[in-house]
Amino acid sequence: MSDMKLTIDGREVTGRAGQTLLEVCEAHGIHVPTLCHHPLLTDVGACRLCVVEVEGDRRLNTACTTPARDGMVVRTDTERLRRQRVMTLELLFSERNHICPFCAQSGHCELQDLGYAFGMTHPRYPYLFPRLRPDTSSPYFVMEPNRCVLCGRCVRACDEVAGVHALDFGGRGSRQEVVADRGVPIGESSCTACGVCVEVCPTGALFEKRSAYWVRERDLPAVATTCPGCGVGCRFEAVLKDGRIVRHQSASDAPVNGPLLCAKGRFGLLQEGRSRLRAPLARRDGELREVGWPEAISEVSERLRSIRPACRIGGVISARLPGEALYQFQKFLRQAVGTDRVATFDACDLRVRRAAARQFLRDGASAPVECGLGVVEEADAFLIVGADLAETHPVVAAWVLRAVYRRQVPLIVVGSRRTGLGEIADVWLRPRRQKEGAVLNGLLKLLTDGDGVEGRGLSREAGVRAEDLTRAAQVYAGARAPLILYGQDLTRYGDPGPVVTLMRLATEKGGTADGRLRLCGLAREASSAGALEVGAVSDFDAEGVDLDEMECLYLVVGDAEVPLDGPALERLRGVPFLIVQASHRSALTDLADVVLPDLAWPEREGTFVNTEGRAQDVRRVLTPPAGARDDLEVFAELGGAFGKALARGVAEAQREMAGEGLLTENSHG
Amino acid sequence: MDRPKVATVWLTGCAGCHMSLLDVDERILDIAAAAEITASPITDLKEIPEVDVGVVEGAVSNDHNLHVLETLRARCRVLVALGDCAGFGCVPMLRNAFPLREVLEHGYIWTKGTAGGMVPQDPELPRLLDQARPLRDFVKVDIHLPGCPPPADAIYHALTELAAGRMPEIPQALLKYD
């Protein structure tokens, strides 16, 4: 890191080796106009607006791509440069159809800003009037080529940040345009709708449908919070105007996801089609009718108190809710009601992983500590088992894709479900139902024994080709730092065996720098990783025979969409007393005897613990409607009816949990 | 000394720029004192005399617009393109993506509620040009005042500067494209 001395606009400044002229200027507060430059992306020098004069060179150079060298004498603001930049800008304006008065981006457009900054009153060049049609095929955003300046930020973002590379340039010269895949509508392409392109686009060439024409301001207040969508724990900022969320954008503090979000977190969370519950409901004469909170609370508490023995009362809570809600729910059930039949909706997965960890330890290994998500970047092979990452953990899927496309990292997928990653995998093993374990055992055998006989036998049992199994084993064996990622398809049958095999496989390879296995079981929900720790998962099997014994079931779903098929709903109908705590109406609330209106995700406060065991805070973004109540408040009210004092708010709950050493950095597994 | 003479016309525009001119409110008296407003939609005087300043709102989209523009250009010293239609093409140029025939058929035949429509052919009617274009594609324009509409303050500033015999510079605070 040698220092170098340059002279910029008559000022002597220092630069570091490897810096571009633009970086040196920015470090010293020297303004250079840019358009195609973006701090997250590699510089390409496409727009030619950052041109500077370098003494000794008769050409103008783009500051963003010119390496700074010792002794350079640079001018950033001369008459020649001003003329050049204004002409370049006017060429951009006349190349396509830029009509500010009805552009979604007007007021917060970088092209427009440059026009104002340069004092441009009109483009001097005749308009080309190219015939360009907007592409509205994506559900969330519009590609409007009339506003495009071909800066390429979207192409680079899709390639370098999203890892998908759905966007690129098609055509050349005046026919150049941004295309999706080989020129298909974006909604039919390999685009995952992660929205990074929309966020980095400087003009109205890419804009969100939902917030289009709603906002002209550049600087709106934003609240940073943690996404409730899955166990990855992305941070994003909710931008607010007039008490509503305008859009989501990447947060400056996002230790897990950086600038990347997924379609669900960026766009999906803002699409709510269900109707909001604004008052408690209770069944009267077979119909659900609105009642006041005091009546609802007393009906629930009286019914609960009347049921003996208490173990005929069970509770299931969604791990999409913050850890404090899970903690207080189990505390209410265990200590107030007196039942330990509590679980989360994804309890099966959590129990299997806990059982696998115990079995692995019993078999003599030291504590199997799964690694964090940062290990994805250093992986030189991926083994993905029983997971549809693009569906359940899209940001992780994007990282895998990025590694596969940009670093040619080999990919093995084990799973019978048709998945996007399976289709591009180097080896895709599709075992017969519940035979994933056989595949993994086969891999382990091939890895450890070398002799292929047992492995081939296992491949037959699993219904996969022996050559594929052998190739997968070779890929895994040949890698120095292969990473295993597994999901709920592996644990759904309740058998910890395959997970133990994965732990053994991972042990065959060197661990990470901090001594963890290169293995990561992706927790499904935002609070899944902390659910066991706070006691929200007992042996209660709400889906199995335990349900038939229940006199009362208390379901706390928040705004989660609980997929229940016909048979499941029928079984719930058989429960004598069903309490559902939810924010929106659903088939589930329609079945309930009492419905307690809950908060939706933007109204909550608390803590999520992601799959790595990282605790991150959830901040309230919106005010809840008057009739909805926070879960902790409801549990405290009910607890009061049982004579048990429970925390009345998030802060109090957090103090209690801290006192018990809960929800601090931990490792699960 | 005689006040400088001003004429204004509107071509294919919505009249919004002229409304913005009127938004100078009582300052119209200052303008009227400093300059003589001759032909204009505001005065409703139809014949354009020789003037010092010609102000044009709207894009050129038919042959009548072109005739009016060329007439004014020939009779004025300084021509001002008022607003985005005159300077950037703006709304009128939306139709440029489509062949002219299609545009006319959409407007006169395929609109809902039209039965037995036909594209008017009367020789008295102005004929649409293939494309709607900003003024500078046809004549030399001396000053561009962007905006949809330009702020009243920008128009006031430009007119008073011109009346004083100076070429106006648009300060950044008054520069807007929408």
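Everything here concerns the structure above.
None of these values were measured; they are calculated from a predicted model.

(A) Seen up close, the overall build of chain A. From N to C terminus, chain A includes 22 helices and 26 strands. Taken over C-alpha atoms, the radius of gyration comes to 29 Å for chain A, in line with the 26 Å a tight globule of 669 residues would show. Relative to its 669 residues, chain A shows a buried fraction of 58%. Of the contacts formed within chain A by residues at least 6 apart in sequence, a portion of 68% connects residues at least 24 apart. When the accessible area of chain A is evaluated, it comes to approximately 27600 Å², of which 47% is carbon and sulfur surface.

(B) How the structure looks around the environment of A:Leu269. Residues and elements named next belong to chain A. Structurally, the position occupied by Leu 269 is in the loop between α6 (263-266) and β13 (281-284). In sequence terms Leu 269 and Cys 227 are 42 residues apart; their C-alpha atoms lie 9.0 Å from each other. Not counting residues within four places of it along the chain, the set of residues in contact with Leu 269 comprises Cys 227, Pro 228, Phe 236, His 248, Lys 264, Arg 320 and Trp 601.

(C) Representation of the pairing of strand β2 (residues 11-16) of chain A. All names here are of chain A. Note that strand β1 (residues 3-8) and β2 share 6 bridges and pair antiparallel. The residue of β2 that forms the bridge with Met 4 is Gly 15. Here β1 folds back onto β2, and the loop between the two strands holds 2 residues, one of which, Asp 9, carries a positive phi near 50 degrees.

(D) The arrangement of the interface of chain B and chain A in detail. Tallying the contact residues gives 26 residues for chain B and 24 residues for chain A. In total, about 2100 Å² of surface goes out of reach between chain B and chain A, with carbon and sulfur atoms giving 63% of it. When the buried area of chain B at its contact with chain A is split by residue, B:Phe88, B:Tyr177 and B:Asp178 rank highest and sum to 31% of it. Counting across the interface, chain B meets chain A through 1 salt bridge. The salt bridge partner of A:Arg216 is B:Asp178, with a shortest N-O separation of 2.7 Å. In this structure, the connection of chain B to chain A is made through 11 residue pairs in polar contact (both at pLDDT 80 or more).

(E) Quick peek at the pattern of salt bridges. In this structure the tally under the stated criterion is 46 salt bridges over all chains. Among the ionic pairs, B:Asp137 bridges to B:Arg133, the shortest N-O distance being 2.4 Å. B:Asp137 gets classed as partly exposed once you look at its relative accessible area, which sits at 26%. As a salt-bridge pair, B:Arg166 and B:Glu161 come within 2.9 Å of each other at their nearest N and O atoms. Classification of B:Arg166 by relative accessible area gives partly exposed; the value is 45%. Exposure remark for B:Glu161: the relative accessible area of 18% places this residue in the buried category. Each of A:Asp77, A:Glu79 and A:Arg82 takes part in one network of salt bridges that share partners.

(F) The side chain of A:Glu324, seen in detail. Residues and elements named next belong to chain A. Summarising the element assignment, Glu 324 is placed in helix α8 (residues 323-337). Comment: no salt bridge for buried Glu 324; closest opposite-charge side chain is Arg 604, at 8.7 Å. Within polar-contact distance, the side chain of Glu 324 engages the side chain of Gln 654 at 2.8 Å. Once residues within four sequence positions are removed from consideration, Glu 324 is found in contact with Gly 606, Thr 607, Leu 632, Val 650, Ala 653, Gln 654 and Met 657.

(G) Focus on helix α13 (residues 436-449) of chain A. Residue and element names in this part refer to chain A. In this model α13 runs 20 Å from its N-terminal to its C-terminal C-alpha over 14 residues, within 8% of the 20 Å that 1.5 Å per residue would give. Counting buried positions along α13 yields 10 of 14 residues, so the element is predominantly enclosed. Looking only at α13, the buried set comprises Glu 436, Gly 437, Ala 438, Val 439, Leu 440, Gly 442, Leu 443, Leu 444, Leu 446 and Leu 447.

(H) Main features of a negative patch on the surface. On the surface, B:Asp23, B:Asp25, B:Glu26 and B:Asp30 cluster together into a patch of negative charge. As for its position among the elements, B:Glu26 is in the loop between α1 (16-22) and α2 (28-34).

(I) Expanded view of the packing of helix α7 (residues 293-306) of chain A against helix α21 (residues 631-641) of chain A. Residue and element names in this part refer to chain A. For the pair α7 and α21, interaxial distance at closest approach is 9 Å and the crossing angle is 55 degrees. Here α7 lies oblique to α21, going by the angle between them. Of the two elements, α7 crosses α21, and the hand of that crossing is right-handed. The residues of α21 that touch α7, namely those facing Trp 293, Ile 297, Val 300, Ser 301 and Arg 305, are Val 634, Glu 637, Leu 638 and Ala 641. Of the residues assigned to the contact of α7 with α21, the class counts are 6 nonpolar, 1 polar and 2 charged.

(J) Expanded view of a nonpolar patch on the surface. Residues and elements named next belong to chain B. A grouping of Trp 10, Met 19, Leu 22 and Ile 42 is seen on the molecular surface, where their side chains present a nonpolar patch of about 360 Å² in accessible area. Along the polypeptide, Ile 42 turns up in the loop between β2 (36-37) and β3 (51-57). Judged by relative accessible area, Ile 42 falls into the partly exposed class, the value being 40%.

(K) A look at unusual backbone geometry. The peptide bond linking A:Arg308 to A:Pro309 adopts the cis configuration, its omega dihedral lying at -5 degrees. Note the cis peptide between B:Cys148 and B:Pro149, where omega equals 0 degrees. Its place among the elements puts B:Pro149 in the loop between β7 (143-145) and α6 (152-163). Not every positive phi belongs to a glycine, and B:Asp44 is a case in point at roughly 65 degrees. With respect to the helices and strands, the residue B:Asp44 is situated in the loop between β2 and β3. For B:Cys90, which is not glycine, the phi dihedral falls at a positive 50 degrees.

(L) Structural context of the sheet that holds strand β17 (residues 381-385) of chain A. Residue and element names in this part refer to chain A. Spatially, the 5 strands line up as an open sheet ordered β19-β18-β17-β20-β21, and their pairing is parallel. Edge strands, defined here as strands with exactly one partner in the open sheet, are β19 (427-429) and β21 (519-521). Between one strand and the next, the sheet's axes are offset by a mean angle of 10 degrees, whatever the strand orientation. Pairing geometry for β17 and strand β18 (residues 411-414), over 4 bridges, is parallel. Paired with Phe 382 across the strands is Leu 411, a residue of β18. Lying on the sheet, helix α11 (residues 394-407) is in contact with β17, β18 and β20 (482-486); it crosses β17 at an angle near 145 degrees. Packing against the sheet, helix α17 (residues 497-507) makes contact with β17, β20 and β21, and its axis sits at approximately 170 degrees to β20.

(M) Structural detail: the environment of A:Asp590. Residues and elements named next belong to chain A. Inspection of the secondary structure assignment puts Asp 590 in helix α20 (residues 587-591). Note on Asp 590: relative accessible area 35%, which makes it partly exposed. When neighbours within four sequence positions are excluded, Asp 590 is seen to be in contact with Arg 283, Leu 288 and Arg 585. Looking at Asp 590, its side chain comes within polar contact range of the side chain of Arg 585, at 2.9 Å.

(N) Molecular detail of the packing of aromatic side chains. Tallying each qualifying case throughout the model produces 14 aromatic pairs over all chains. Ring geometry for A:Phe207 versus A:Tyr213: centroids 6.4 Å apart, planes at 70 degrees, classification edge-to-face. For A:Phe207, a relative accessible area of 13% puts it in the buried group. In this structure an aromatic cluster arises from ring pairing among A:Phe329, A:Phe332, A:Tyr554, A:Phe635 and A:Phe642. Positioned above the aromatic ring of A:Tyr476 is the side chain of A:Lys509, whose terminal nitrogen or guanidinium carbon lies 5.9 Å from the ring centre. Sitting over the ring of B:Tyr156, B:Arg27 keeps its end group 4.5 Å from the ring centre.

Reading the values: rules and limits
Residues numbered from 1 in each chain as written. Chains lettered and ligands numbered in written order. Predicted model: local features only at pLDDT ≥ 70, side-chain atom pairs only at ≥ 80, totals over all residues. Heavy atoms only, no water. Helix = DSSP H or I, 4+ residues; strand = E, 2+ residues; numbered from the N terminus. Rg over C-alpha atoms; globule rule 2.2 N^0.38 Å. Buried < 20%, exposed > 50% of the residue type's maximum accessible area, 1.4 Å probe, protein only. Contact = heavy atoms within 4.5 Å. Areas by Shrake-Rupley, 256 points an atom, 1.4 Å probe, with all protein chains shown as cover. Pairing = 2+ DSSP bridges. Buried area = accessible area lost by both parts, 1.4 Å probe. Salt bridge = Lys/Arg side-chain N within 4 Å of Asp/Glu carboxyl O. Polar contact = N/O pair within 3.5 Å; in protein donor to acceptor, adjacent residues only side chain to side chain. Lys, Arg positive; Asp, Glu negative; His and termini not counted. Expected span 1.5 Å × (residues − 1). Patch = residues over 30% accessible without salt bridge, like charges linked within 9 Å, V, L, I, M, F, W, Y side chains within 5 Å. Charge placed at Lys NZ, Arg CZ, Asp CG, Glu CD. Axes fitted to C-alpha atoms, helices over the stretch in contact; angles between N-to-C directions. Parallel < 35°, antiparallel > 145°, perpendicular 65-115°, else oblique. Left-handed = near helix turned anticlockwise from the far one by under 90°. Nonpolar A, V, L, I, M, F, W, Y, C, P; charged D, E, K, R; others polar. Phe/Tyr/Trp six-rings, centres within 6.5 Å; stacked < 30°, edge-to-face > 60°. Lys NZ or Arg CZ within 6 Å of the ring centre and 35° of its normal.

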